[in-house]
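Coordinate analysis (summary)
So you can see what is in the structure, the chains are spelled out below.
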Amino acid sequence: MIIFDPRNRVYISSKLRDTGYTSSFGTRLSRNPQNHRIVMKQVHGDKIVKITAQNIDREKFQNTDGMITRLNGVTLIVKTADCVPIIFADTLSSILGVSHQGWRGTLLNLPLKMVNFLAKEGVQKENIIVAIGPSISACCYKIYGDRLDLFRKTFPRYVDRIFIKNNNDIFLNLGYLAYLQLVDAGIQKNNIDYFPFCTSCHKDHFYSYNRDKSTKRMESWIAKY
Ligand SMILES: [Zn+2]
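Parameters and conventions
Residues numbered from 1 in each chain as written. Predicted model: local features only at pLDDT ≥ 70, side-chain atom pairs only at ≥ 80, totals over all residues. Helix = DSSP H or I, 4+ residues; strand = E, 2+ residues; numbered from the N terminus. Rg over C-alpha atoms; globule rule 2.2 N^0.38 Å. Buried ≥ 20, exposed ≤ 12 C-beta atoms within 10 Å, placed from the backbone. Pairing = 2+ DSSP bridges. Contact = placed C-beta atoms within 7 Å. Axes fitted to C-alpha atoms, helices over the stretch in contact; angles between N-to-C directions.

Bringing the overall build of the protein chain into the picture now. A count of helices and strands for the protein chain gives 7 helices and 14 strands. For 225 residues, the compact-globule formula gives about 17 Å, and the C-alpha radius of gyration of the protein chain, at 16 Å, lands near that figure. For the protein chain, the spread of C-alpha atoms along the principal axes amounts to about 50 × 35 × 30 Å. Here the protein chain holds 225 residues, and 43% of them are scored as buried.

What follows is the structure, encoded as structure tokens:
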């Protein structure tokens, strides 16, 4: 379940909270995390980096849209405004992750690649807890032309579930597609929290690139202490 925390003005996944790690989906009203920030230079790609004691001093991780770590006391941050932020956690292996996927990262199957990256680190897929954060939803994300064709070709198994038709327009549910990718990657449905709101519809809480055409982003994050 996703819960609003009125004091910090962030959204919390109850499943992630139960892991004992600290995590939030930020809003336009929340304060960004300040301590030991690990930030990616996100490029809508599919590169995933493991943050270790050796590389942690880098200022920013270039060309990176996913990261994982076993380190204590670092805050993994993903920035979005309509794109889908995903947070991963596994308590048995004591490992955390975040990823950023807009339409390009989704086509590149980044959610599935994150799960496989974690599995290569020795994590059991069935133990991974995942929360899919606030993104633009099918109410607002109109898709057409080449981009629509790409989604139809890349995800033939999902076509009857990820699009909504309204008159002659077609809309894509990007967050739900991430959910399907995660389930196909081996994540238990019971271990996934799914965000119920649309960033573009809820101006009071969220920045939206689609709505505002601005570069402002919300920060979502996870850390263990
Ligand atoms: Zn909407």
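Still to come is the rest of the account.
Now for unusual backbone geometry. Positive phi is not limited to glycine here, since Asn-63 has a value of about 50 degrees. Within the fold, Asn-63 resides in the loop between β5 (48-51) and β6 (66-69). Residues other than glycine seldom take positive phi values, yet Asn-167 does so here, at roughly 55 degrees. Counting through the fold element by element, Asn-167 comes out in the loop between β11 (163-166) and β12 (169-172).

Turning our attention to the pairing of β12. Pairing between β11 and β12: 4 bridges, direction antiparallel. Within the sheet, the bridge partner assigned to Phe-163 lies in β12 and is Leu-172. Between β11 and β12, which pair antiparallel and follow one another directly, the connecting turn spans 2 residues, one of which, Asn-167, has a positive phi of 55 degrees.

This brings us to helix α3 (residues 110-120). The α-helix advances 3.6 residues per turn, and as a result positions three or four apart in sequence lie on the same side. Residues of α3 that are buried: Leu-110, Pro-111, Lys-113, Met-114, Val-115, Phe-117 and Leu-118. Next to the buried residues of α3 lie β5, β6, β8 (84-90), β9 (95-101), α2 (103-107) and α6 (174-185). Positive backbone phi, at 95 degrees, marks Gly-122, one or two positions downstream of α3.

Let us look at the sheet that holds β5. With mixed pairing, 6 strands are arranged side by side in an open sheet as β5-β6-β9-β8-β10-β13. In this open sheet, the two edge strands, each paired with only one partner strand, are β5 and β13 (192-194). Taking each pair of neighbouring strands and ignoring which way they run, the sheet shows an average axis angle of 15 degrees. As defined by bridge partners, β8 adjoins strand β10 (residues 129-132) across 4 bridges and the pair is classed as antiparallel. Looking at the pairing, Ala-89 lines up with Ile-129 of β10. Contacts between α3 and the sheet are confined to β5, β6, β8 and β9, with β9 contributing the most and set at about 160 degrees to the helix.

This next bit is on the pairing of β6. Of the two faces of β6, both are covered, the one formed by Gly-66 and Ile-68 as well as the one formed by Met-67 and Thr-69. By the bridge criterion, 4 bridges tie β5 to β6 in an arrangement that is parallel. Looking at β6, one finds that Val-49 is bridged to Met-67. In this sheet, β9 lies alongside β6 in antiparallel orientation, the contact comprising 4 bridges. Its bridge partner lying in β9, Met-67 is registered against Val-98.

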